[in-house]
Amino acid sequence: MATWCVRAVRQSYYVAASPSLLRASPRLLCTAAHQKSGQGSEEDQKAEQSPAEKALVEEKGQLEEQLKEVTDKYTRSLADMENLRTRSQKMVEDAKKYGIQGFCKDLLEVADILEKATDSVPKEEVTSQKNPHLKNLYDGLVMTETQIQKVFAKHGLFKLNPDGGQKFDPYEHEALFHAPVEGKEPGTVAIVTKVGYKLHGRTLRPALVGVAKAP
């Protein structure tokens with residue numbers, strides 16, 4: 001019994017000598033209460049910021065839509081400018097190529113006259129030595145015609161002289177008449193009355209032809 005009393009007195013002494021044990025419980029209670037109040041304030045703060053955040057999200061979505069629209073317009077503008085540049089470049093190139101077609105048409109008449117002049121001279125008169133002046137004149141006309149064709153070729157102008165039997169092409173030929181011709185298939189060129197010309201692949205003057213047809 002005496003031993004039990006001594007042990008009880010010692011335990012009570014230790015409790016009295018350690019005031020930190022007595023202060024622990026109130027401190028723990030204050031910490032828990034503070035944490036609970038802190039969580040409550042954070043929730044209140046989030047509840048207060050939610051309308052502002054919602055407005056920011058909506059504004060962000062609007063800005064993204066505007067950016068997408070502006071980017072699309074910018075891309076379309078770039079494509080339009082590229083198409084305009086390509087068309088303008090093609091127009092400039094066509095102007096350089098076909099700007100002389102009016103002048104070429106006038107020169108075609110000169111070329112036709114030279115061709116008729118050389119064709120009108122009889123071959124026997126040229127080959128014989130009876131008339132050397134005629135031969136010299138003929139040679140000069142041939143040289144002039146050859147030179148003018150070289151000038152034409154230099155500027156992209158070429159003669160369009162369809163061979164007999166060639167298929168009639170309405171883009172290159174102009175039919176003066178249709179007649180049955182022996183040995184010619186229907187729809188082919190039978191005779192050429194006047195040669196045509198093409199400027200850089202474009203028909204400047206169609207060849208005047210007669211077209212064969214079925215008998």
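Remember, predicted model here, so these are calculated numbers, not experimental data.

The rules behind the values
- Each chain has its residues counted from 1, running along the sequence as written.
- Predicted model: local features are reported for residues with pLDDT of at least 70 only, side-chain atom pairs are reported and counted for 80 or more only, and whole-chain, interface and lining totals are derived from all residues.
- For side-chain calculations, the full set of non-hydrogen atoms in the structure is used, while hydrogens and water are omitted.
- Each aromatic pair joins two rings of Phe, Tyr and Trp (for Trp, the six-membered one) with centres within 6.5 Å, and gets the label stacked for planes under 30 degrees apart, edge-to-face for over 60, and tilted for any other angle.
- Put simply, a charge is over a ring when the Lys NZ or the Arg CZ is close to the ring centre, within 6 Å, and near the line of the ring normal, within 35 degrees.
- Patches here are clusters of residues that have more than 30% relative accessible area and form no salt bridge, with a 9 Å joining cutoff for like charges and a 5 Å cutoff for nonpolar side chains (Val, Leu, Ile, Met, Phe, Trp, Tyr).
- Per-residue and other accessible areas were derived by the Shrake-Rupley procedure at a 1.4 Å probe size, with only the shown protein chains allowed to occlude residues.
- By definition, a salt bridge exists where a carboxyl oxygen of Asp or Glu is found within 4 Å of a side-chain nitrogen of Lys or Arg.
- Counting from the N terminus, the helices are DSSP H or I runs at least four residues long and the strands are E runs at least two residues long.
- Buried residues are those whose accessible area, probed at 1.4 Å on protein chains only, stays under 20% of the maximum for their type, while exposed residues exceed 50% and partly exposed ones sit between those limits.
- DSSP calls a pair of strands paired once it identifies at least 2 bridges connecting them.
- Axes here refer to lines fitted to C-alpha atoms; in helices the fit is confined to the stretch in contact. Angles between the N-to-C directions go from 0 to 180 degrees.
- What makes two residues a contact is simply this: any of their non-hydrogen atoms within 4.5 Å.
- Only buried residues count toward a nonpolar core, which is a set of Ala, Val, Leu, Ile, Met, Phe, Trp, Tyr and Cys residues joined through side-chain atoms within 4.5 Å.
- Counted as positive: Lys and Arg. Counted as negative: Asp and Glu. His and the chain ends are not counted at all.

**What about the packing of aromatic side chains?**
Consideration 1: Counted by the stated rule, this structure contains 1 aromatic pair.
Consideration 2: Here Arg202 stacks its cationic end above the ring of Tyr98, 3.7 Å away from the centre of that ring.

**Things to note about a nonpolar patch on the surface**
Consideration 1: A cluster of nonpolar side chains, contributed by Leu176, Phe177 and Ile191, occupies part of the molecular surface with about 270 Å² of accessible area.
Consideration 2: The topology assignment puts Phe177 in strand β2 (residues 173-179).
Consideration 3: Here Phe177 falls in the partly exposed class, since its relative accessible area comes to 36%.

**A few points about the sheet that holds strand β4 (residues 196-199)**
In any sheet, the strands associate via hydrogen bonds between backbone groups, in a parallel or an antiparallel arrangement.
Consideration 1: Ordered by their spatial adjacency, 3 strands build an open sheet running β1-β4-β5, and the pairing between neighbours is antiparallel. Each edge of the sheet is formed by a strand with only one pairing partner; in this case those strands are β1 (157-160) and β5 (202-205). For this sheet, the mean inter-axis angle between neighbouring strands, taken without regard to orientation, is 35 degrees.
Consideration 2: Relative to β5, β4 runs antiparallel, the two being bridged by 3 bridges. Across the sheet, Tyr197 pairs through a bridge with Arg205, a residue of β5.
Consideration 3: On top of the sheet, helix α3 (residues 101-120) reaches β1, β4 and β5; it is set at about 60 degrees to β5, its chief contact.
Consideration 4: Of the strands in this sheet, β1 and β4 are in contact with helix α5 (residues 132-154), which crosses β1 at around 120 degrees.

**Structural notes on the sheet that holds β2**
Consideration 1: Taken in spatial order, the 3 strands line up as β2-β6-β3 in an open sheet, and their pairing is mixed. Sheet topology places β2 and β3 (189-194) at the edges, where each strand pairs with a single neighbour. Geometrically, the sheet is characterised by an average inter-axis angle of 30 degrees between neighbouring strands, direction not taken into account.
Consideration 2: Bridging between β2 and strand β6 (residues 207-212) involves 6 bridges; their strand directions are parallel. The residue bridging Glu174 from the neighbouring strand is Leu208, located in β6.

**Regarding the nonpolar core**
Consideration 1: Of all hydrophobic cores here, the largest spans 12 residues; its members are Tyr98, Cys104, Leu108, Ala111, Leu114, Ile148, Phe152, Leu157, Val195, Tyr197, Leu199 and Leu204.
Consideration 2: Secondary-structure elements contributing two or more residues to this core are α3, α5 and β4.
Consideration 3: The element that contributes the greatest number of residues to this core is α3, accounting for 4 residues.
Consideration 4: If we ignore the near neighbours within four places in the chain, the residues touching Val195 are Asp112, Glu115, Lys159, Leu160, Asn161, Arg205 and Ala207.

**Things to note about the side chain of Glu145**
Consideration 1: Relative to the elements of secondary structure, Glu145 occurs in helix α5.
Consideration 2: Lys159 provides the closest opposite charge to the buried, salt-bridge-free Glu145, at an N-O distance of 4.4 Å.
Consideration 3: Contacts of Glu145, omitting those with residues within four sequence positions, involve Leu114, Glu115, Thr118 and Lys159.

**Let's talk about the pattern of salt bridges**
Consideration 1: Counted under the stated rule, the structure contains 8 salt bridges.
Consideration 2: In this structure, the salt-bridge partner of Lys90 is Asp94, at a minimum N-O distance of 3.0 Å. Taken together, the positions of Lys90 and Asp94, both in helix α2 (residues 19-98) and 4 residues apart, correspond to about one turn of that helix.
Consideration 3: With a closest N to O distance of 3.9 Å, Lys194 and Asp112 form a salt bridge. Here Lys194, found in strand β3, pairs with Asp112, found in helix α3; they are 82 residues apart in sequence, far enough to count as distant.
Consideration 4: The class for Lys194 is partly exposed, based on a relative accessible area of 29%.

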